[in-house]
Amino acid sequence: MASHPYPRLTPLREVVQQLLSRLGPLPPKSLLIHEAVGLVAAETVFAQSPRPRFDNAAVDGYAVRASDTTTASTEHPVRLLLRSDVVEPGAAVPVSTGDPVPKNADAVVPLEDTIQEENFVLVYRRVGVGWNIRRRGEDIEPDQPIIRQGEVVRPEHIALLADQGYSSLKVYPPPRAAILVVGTEFIEQRAPDANGPMLYTLLASVGCIPSHPSYVPDRADVIQQNVRDLLAMHDLIVAVGGMAVSDRDHTHRALQALNPSFAVHGIAMRPGTPTGVFIVNQKPVFGLPGNPVAAFFAFEAIIRPAVSVLMGDRPNARLSVRARLSQRVPLALGYINFLRVRLEERASELIAHPITPSGSGILSSLTLADGYAILGPDIEVVEAGAEVEVFLL
């Protein structure tokens, strides 16, 4: 019996756990607040002033004493004298939204419930104490947290930060990602490259700042030197191609020669078995198979959660739904299997139809799919009608 080409296939879950335990957030960086949206805050920021800073009118209308409007109605309006500043008994002061509440006033009558007649205003609806007044500090009090470390910055956080006089915020920055496409055929333009553009967009979709793909020939020394050079300018590297075990595959050998502090080559996943994961100079370096579907699922299973950690545990997981399989599905025992499916709504439930053909080089198995299910590793078959979790593409 022929020996397995990999000394040991490492379970996918073990690889991810070991990798993430060795990674941490990138060093925080101070950005202008409008540049921080979508990133994770690396500091807790506190309010410096109350919001509102003073009692103010919530609507356009007239500041009054609520007790002067007790009998007001559509049939019997209350007639109040117009004043310019202080609200005396039987008087009202015109206010616009946001104006300070005049002295002695304890309510504001909306403009639409009044009619002005020369130096008087007719009030057609009663108001209670505090109606249509925004109290000082009712939104934010001094020293109250505006945003906490670990929260994803949203546009509404930016509004509060600006209101409180902040122009910058410390966040975990987007990782700078390099893409290294290995293959002499791409340099000589004997074949089109599908992986580089796909990986560029995948990295951008999870928040990275990817560089345009670099192309290198199938030579270990050239691959090794390029990885060294890229490590100096990037936070992670994705190398694709040359990860199988033939004499013509040099990427994994080049990466092993860089003396990684963590190294795995050969993972129990299908597609994607030749995937490798390395840490070199405290930075993750991923070696992906050259088949595009295998590269895609290596990204989904390993690079996606790694980027989340680098960005301060920024959520980037795909949305998922529950669905029932339309047919029996055989699996590779001992492997995590990524099953591409098309979804159909039938009788108020979702049915998952496996896509065929579905080899690691069949790109249409992804473009025709609505999502994928992660199955295994301890079962050989999933029966028709079984419920599975489908991660939406």
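These figures come from a predicted structure and were not determined experimentally. (Residues numbered from 1 in each chain as written. Predicted model: local features only at pLDDT ≥ 70, side-chain atom pairs only at ≥ 80, totals over all residues. Heavy atoms only, no water.)

### Things to note about the overall build of the protein
- Assigned secondary structure in the protein consists of eight helices and 29 strands.
- Relative to its 393 residues, the protein shows a buried fraction of 47%.
- Counting only carbon and sulfur atoms, one obtains 50% of the accessible surface of the protein, whose full area is about 19,300 Å².
- Taken as two groups, the 35 positive and 42 negative side-chain charges of the protein have centres that lie 5 Å from each other. (Helix = DSSP H or I, 4+ residues; strand = E, 2+ residues; numbered from the N terminus. Buried < 20%, exposed > 50% of the residue type's maximum accessible area, 1.4 Å probe, protein only. Areas by Shrake-Rupley, 256 points an atom, 1.4 Å probe, with all protein chains shown as cover. Lys, Arg positive; Asp, Glu negative; His and termini not counted. Charge placed at Lys NZ, Arg CZ, Asp CG, Glu CD.)

### A word on the nonpolar core
- The biggest cluster of nonpolar side chains holds 62 residues, and the ones touching the most others in it are F286 and I302.
- The leading source of residues in this core is helix α7 (residues 292-310), at 13 residues.
- Not counting residues up to four positions away in its chain, the partners in contact with I302 are L12, V16, L19, I267, M269, T275, V277 and F286.
- Counting residues in each nonpolar core, the second largest holds 17 residues, with A178, I223, L255 and L258 among its members. (Core = buried A, V, L, I, M, F, W, Y, C linked by side-chain atoms within 4.5 Å. Contact = heavy atoms within 4.5 Å.)

### As for the packing of helix α1 (residues 12-22) against α7
- Close contact between α1 and α7 brings their axes to 10 Å; oriented N to C, the two are set at 20°. With respect to α7, the axis of α1 lies roughly parallel. Pair α1 / α7 crosses with right-handed handedness. Residues L12, V16, L19 and L20 of α1 lie in contact with α7, whose contacting residues are A301, I302, P305, A306 and V309. (Axes fitted to C-alpha atoms, helices over the stretch in contact; angles between N-to-C directions. Parallel < 35°, antiparallel > 145°, perpendicular 65-115°, else oblique. Left-handed = near helix turned anticlockwise from the far one by under 90°.)

### Some thoughts on the side chain of H234
- With respect to the secondary-structure elements, H234 resides in the loop between α5 (220-231) and β18 (236-240).
- Residue classification places H234 among the buried positions, given a relative accessible area of 7%.
- Within the structure, the side chain of H234 is placed 2.8 Å from the side chain of S211, a separation counted as a polar contact.
- Contacts of H234, omitting those with residues within four sequence positions, involve R176, A177, A178, S211 and K283. (Polar contact = N/O pair within 3.5 Å; in protein donor to acceptor, adjacent residues only side chain to side chain.)

### Some words on the environment of F286
- Tracing the chain through its elements places F286 in strand β22 (residues 283-288).
- Note on F286: relative accessible area 1%, which makes it buried.
- In sequence terms F286 and I209 are 77 residues apart; their C-alpha atoms lie 16 Å from each other.
- If near-sequence neighbours (up to four positions away) are discounted, F286 is found in contact with L19, L236, I237, V238, A239, G276, V277, I302, I303 and A306.

### Remarks on the sheet that holds strand β6 (residues 61-64)
- Strand order in this open sheet of six strands is β9-β6-β8-β7-β11-β10, and the pairing throughout is mixed. The two strands at the open ends of the sheet, each matched to only one other strand, are β9 (107-110) and β10 (114-117). Sheet twist, expressed as the average angle between the axes of neighbouring strands with direction ignored, equals 40°.
- In this sheet, strand β8 (residues 91-95) lies alongside β6 in antiparallel orientation, the contact comprising three bridges. Bridge pairing in β8 places G61 opposite V95. (Pairing = 2+ DSSP bridges.)

### Focus on the sheet that holds strand β2 (residues 29-32)
- Taken in spatial order, the three strands of this open sheet run β2-β14-β3, and their pairing is antiparallel. Each of the sheet's edge strands pairs with one partner strand only, and the pair in question is β2 and β3 (40-41).
- Of the pairings in the sheet, the one linking β3 to strand β14 (residues 168-172) comprises two bridges and is antiparallel in character. The partner of V40 across the bridge, within β14, is Y172.

### Some thoughts on the pattern of salt bridges
- Within this structure, the stated rule accounts for 15 salt bridges.
- Put simply, D163 and R51 hold a salt bridge, and the shortest N to O gap is 2.8 Å. Here the residue D163 occupies a position in helix α2 (residues 155-163), and R51 occupies one in the loop between β4 (45-46) and β5 (56-57), the gap between them amounting to 112 residues.
- A salt bridge links D163 to R53; the nearest nitrogen and oxygen atoms lie 3.5 Å apart. In this pair, D163 is assigned in helix α2 and R53 in the loop between β4 and β5, connecting sequence segments 110 residues apart.
- Residue D163 is classed as partly exposed on the basis of its relative accessible area of 22%.
- Taken together, the shared-partner salt bridges connect R51, R53, D139 and D163 into one network. (Salt bridge = Lys/Arg side-chain N within 4 Å of Asp/Glu carboxyl O.)

### What about α1?
- Turning to α1, its buried residues number three or more, namely L12, V15, V16 and L19. Each buried residue of α1 lies within a common arc of 95° when the element is viewed along its axis, so the set occupies one face. Exposed residues lying more than 90 degrees from the buried face of α1 are R13, Q17 and S21. (Arc of directions from axis to C-beta.)

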